[in-house]
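# Commentary on secondary and tertiary structure
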Amino acid sequence: MKITTFAAIYIGSYEVSLKIFELPPKKPIREIDHVRARLEIGKDAYLKGYIGFELMEELGNILLEYKKIMDGYKADSYTAYAGGGFRAIKNVLFVLDQLYMRTGIQVHVPSNSEHRFIGYKAVAFQPEFDEMTRQGAAVVNVGGGNLQVTLFADGKVVTTQHMILGSMRLREQLSSIQNLVAHYENQIEVLINKNLEVFKSIYMKEHKPKHLIFMGDYVMELMKKIDKKGNGLVSTEKFIKAMRKLYKKNVAQIATELDLFNENDPLLIPYIVLYTRISEELNTEEIWAPGIGVMEGMAYDYAEQNRILKPPHNFEEDIISAARQLSKRYEGFSPHIDALTKTSALVFDAMKKVHGMGKRERILIETAAILHDCGKYISLVHSSECAYNIILNSEIIGLKHLERQIVACVVLYNKQPMPDYDELKDRLDRESYMTVAKLAAILRVSNALDRSHKQKFKNVRAVIRGKQLVISVDSVDDMLLEKNLFAAKAELFERVFGIEPVIREKRVYN
C-alpha cells in the first residue's frame, strides 16, 4: 500500500515551522523532518495591527525554502495555516495574496475555533485520550496569542473557553519590566489569575478533572526535566514544584538547564508561569503532555479526510455534548428539546432525497434544535436574537466558524421571517444560505409539533407521499393547538422544498 507524504506548515506568533509526515494506511502518522525559523510576526500583529514589508519579505523567503524541502521529499500534499497573529492584522488579505503570488503556497487563516480544534484532533487520536476524558480531563492549548481550555467529564465535553492569555501577549503587555525577574513573574501571574478564577467559579463547581492535558511550546522540554519514564505523564504536585524552582532563575539559566537551543527566548518565562498557574488552579492529579499540536492535527485531519486513518474518537458526539451543556447553562427546557431534536432528525432523514444534504448538516440541525430556546434565559421577547448571539459567541468544539453561523441563523429564523439572500450575503455565501433556509424550514415544522411543550405525541413517523410530507403521530392528548398553528409554520417548508407537510394523528387512549 502507498505511504502518503504530507507537509504541514504553520505560521505562528513567533516562528514558522514545517513538518514532514509519512501517513501509512491504518497506522499512526510518523514525523520524518521538522524545520523551524524564528520570525516574530505576533510582535507587529498585536502592537501595530499589520505586517510590514520587511517582515512579509522575510516570511516569503522562509516559505520558498520550505517549498524546496517539500519538493525534496516529494510531498503528495500540504496544508499551510497561519495562527492568531494573522487574525489580528488588518492587511491580512494583501499579505496572503502576496505570499501566494511569490511562493505558490496557499496559506489559510482558520478561525480560533477551527485552529484549536485541529490541535485538539491530534490529541484525540492518541489511545490514552478517551480513557482520560472518561475519568475527567482539561485539555489546555497554550499559544502565543491566547489559550483555550476544553473541560471533559464522563467522556463528554462540558465547555470550551477561549482566553486572551498567550505568552507573546503577556510579554508585550509587560515588556517594560521583563528584566526585573521577580516582579516580572509576579505581574504575569496577576494578569493570568483573574481569568482562571472566573473559569473555575463558573465551570468547575460540579467537575473535578483528574487529568490536565497540556499542548504548547516548551511543555515537552519542561516535562523531560521531571518525567524520568519518558511517557509525558507526571503528578501535578511534582510538576508545580519543579516549575516553582525555575521561577528563581533567569532565561539563560533556564535554557541551560533545559538544554534549549535558543538561550535568550523572552517567551520562555511567560510559558513557564502560564503552565504553573494553570496547573495550580485546575488542581488535577496528573499532567500529560503528548508532545503534539496543530501541525500533527493538520496531518491527522488530512489522513481522516482522505480515509487514510479512521479516528478512534467520535468528534460529532463532542459537538452534541457541547451544545447540550450550553443549553443546560441557559436552562433550556430538556423534555421539549429532546423531543424536538429527535423529531428534527427524523424529518431530516425522511427528506434526504429532496433536500440533498448530508451527515454534517444532520449534526447542524440537531445542534440548532438543542440550542433553539437558550435565548429565553436572557429575554422572552427577543429570545431568538439572544440565542443567535449566544451561539455565535460560544465555542462549540468541532464546529467551524461558518457552521456556527449557520446554526445561529437557523435558530434565529426558526421564529423570524427568512430574509432574501441579498440581506444575508455579508454573513453567508449562497450555499450556506440555502442550508440555513432548508434547516430552518425543517426546524419550524418539527417545533410546531410540540408547540405546547407538553410532548402530546409518541411514535413519530415521517414519509414522503407524492407532494406531501406526512408526519404521523400517536397522540396521547388533544393536539388542537398544534394543528391550528402548524399551517403557519409550514409556509417556509413549502416555499423551500415544494412539498406540503401534513399531520396525521392517531389518538391513543390509556
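Right, let's walk through the structure included here.

Parameters at a glance
- Each chain has its residues counted from 1, following the order in which its sequence is written.
- Given that the model is predicted, a residue must reach a pLDDT of at least 70 before its local features are reported, and side-chain atom pairs must reach 80 or more before they are shown or counted; all residues, however, enter totals for whole chains, interfaces and linings.
- To get the side-chain values, take all heavy atoms of the structure and skip hydrogens and water.
- In these notes, a set of buried Ala, Val, Leu, Ile, Met, Phe, Trp, Tyr and Cys residues joined through side-chain atoms within 4.5 Å is what counts as a nonpolar core.
- Partly exposed residues are those whose accessible area sits between 20% and 50% of the maximum for their type, while under 20% is buried and over 50% is exposed, using a 1.4 Å probe and protein chains only.
- Elements are defined by DSSP. Helices are runs of H or I of four residues or more, strands are runs of E of two residues or more, and each kind is numbered from the N terminus.
- In this description, contact between two residues means that some pair of their heavy atoms is separated by no more than 4.5 Å.
- Pairs of N or O atoms are called polar contacts if they sit within 3.5 Å, as long as, within protein, a hydrogen donor faces a hydrogen acceptor (for residues adjacent in sequence, only side-chain-to-side-chain pairs).
- A pair of strands is labelled paired if DSSP reports no fewer than 2 bridges between them.
- Helix axes are fitted to C-alpha atoms over the stretch in contact, other axes to C-alpha atoms as well, and angles between N-to-C directions run from 0 to 180 degrees.
- Within this document, salt bridges are pairs made up of a side-chain nitrogen of Lys or Arg and a carboxyl oxygen of Asp or Glu, the two lying within 4 Å of each other.
- The cut-offs work like this: below 35 degrees is roughly parallel, past 145 is roughly antiparallel, 65 to 115 is roughly perpendicular, and the gaps in between are oblique.
- Note: crossing handedness is left-handed where the near helix turns anticlockwise from the far helix by less than a right angle, and right-handed where it turns clockwise.
- Polarity classes work like this: nonpolar for Ala, Val, Leu, Ile, Met, Phe, Trp, Tyr, Cys and Pro, charged for Asp, Glu, Lys and Arg, and polar for all others, with Gly in that last group.
- One fewer than the residue count of a helix, multiplied by 1.5 Å, yields its expected span.

## A short note on the nonpolar core
Membership of the largest hydrophobic core comes to 96 residues, with the highest contact counts inside it found for L23, I471 and F493. Ranked by residues supplied to this core, first place goes to helix α21 (residues 430–448) with ten residues. For I471, the residues in contact, after removing those within four places along its chain, are V347, V445, L449, V460, R461, A462, F486, V502, I503 and R504. In this structure, V140, L147, V234 and L246 belong to the second largest nonpolar core, which totals 49 residues.

## Points about the environment of K2
Within the element layout of this structure, K2 appears in the segment before β1 (4–11). Here K2 falls in the exposed class, since its relative accessible area comes to 55%. For the pair K2 and P25, spaced 23 residues apart in sequence, the C-alpha to C-alpha distance is 7.8 Å. The residues touching K2, leaving out its near neighbours within four places in the chain, are P25 and D76. Within the local environment of K2, its side chain forms a polar contact with the side chain of D76, the two groups lying 3.0 Å apart.

## A short note on the sheet that holds strand β2 (residues 15–23)
Strand order in this open sheet of five strands is β3-β2-β1-β4-β5, and the pairing throughout is mixed. One side of each edge strand has no neighbouring strand; the edge strands of this open sheet are β3 (30–38) and β5 (107–108). Relative to β2, β1 is paired through eight bridges, and the arrangement is antiparallel. Looking at β2, one finds that A8 is bridged to K19. Taken strand by strand, helix α2 (residues 53–72) contacts β1, β2, β3, β4 (77–82) and β5, and its axis lies near 15° from that of β2.

## A look at helix α18 (residues 383–392)
Burial analysis of α18 places eight of its ten residues in the buried class, the great majority of the element. Here α18 has its buried residues at S383, S384, C386, A387, Y388, I390, I391 and L392. In this structure, the buried side of α18 is in contact with α14 (315–329), α17 (359–371) and α19 (401–412).

## Considering the pattern of salt bridges
In total, this model carries 27 salt bridges according to the counting rule given. K19 is the partner of E31 in a salt bridge, and the nearest nitrogen-oxygen pair spans 3.5 Å. Here K19 lies in strand β2 and E31 lies in strand β3, a separation of twelve residues in the sequence. Note that E65 is salt-bridged to K68, the shortest N-O span being 3.7 Å. With E65 and K68 both in helix α2, this residue pair falls three residues apart, about one helical turn. One salt-bridge network, held together by shared partners, links E189, K200, R244, R277, E280 and E281.

## Thoughts on the pairing of β3
Alignment of β2 against β3, held across eight bridges, turns out to be antiparallel. Counterpart to I20 in the pairing with β3 is D33.

## Observations regarding the side chain of S344
Relative to the helices and strands, S344 is located in helix α15 (residues 334–350). Once residues within four sequence positions are removed from consideration, S344 is found in contact with I365, A369, I442, L443 and S446.

## A word on the packing of α14 against α17
Packing of α14 against α17 brings their axes to within 9 Å, and their N-to-C directions diverge by 15°. Taken as axis vectors, α14 and α17 run roughly parallel relative to one another. Along this stretch, α14 crosses α17, giving a crossing that reads as right-handed. Across the interface between the two elements, E316, I319, I320, A323, R324, L326 and S327 from α14 touch K359, R360, I363, E366, T367, I370 and L371 from α17. A breakdown of the residues in the contact of α14 with α17 according to their chemical character gives seven nonpolar, two polar and five charged.

## Some remarks on unusual backbone geometry
Backbone geometry at K74 places phi at a positive 55°, although glycine is not the residue there. Turning to its location among the elements, K74 is positioned in the loop between α2 and β4. A relative accessible area of 68% places K74 in the exposed class. At E331, a residue that is not glycine, the phi angle is positive and equals roughly 55°. Looking at the element boundaries, E331 is found in the loop between α14 and α15.

## A look at α14
The end-to-end C-alpha separation of α14 is 21 Å, in line with the 21 Å expected for 15 residues at 1.5 Å each. Within α14, burial applies to F315, D318, I319, I320, S321, A322, A323, L326 and S327. N-cap assignment for α14: the residue whose side-chain oxygen lies 3.0 Å from the backbone N of E316 is N314. Note on α14: the residue one or two positions beyond its end, E331, has a positive phi of about 55°.

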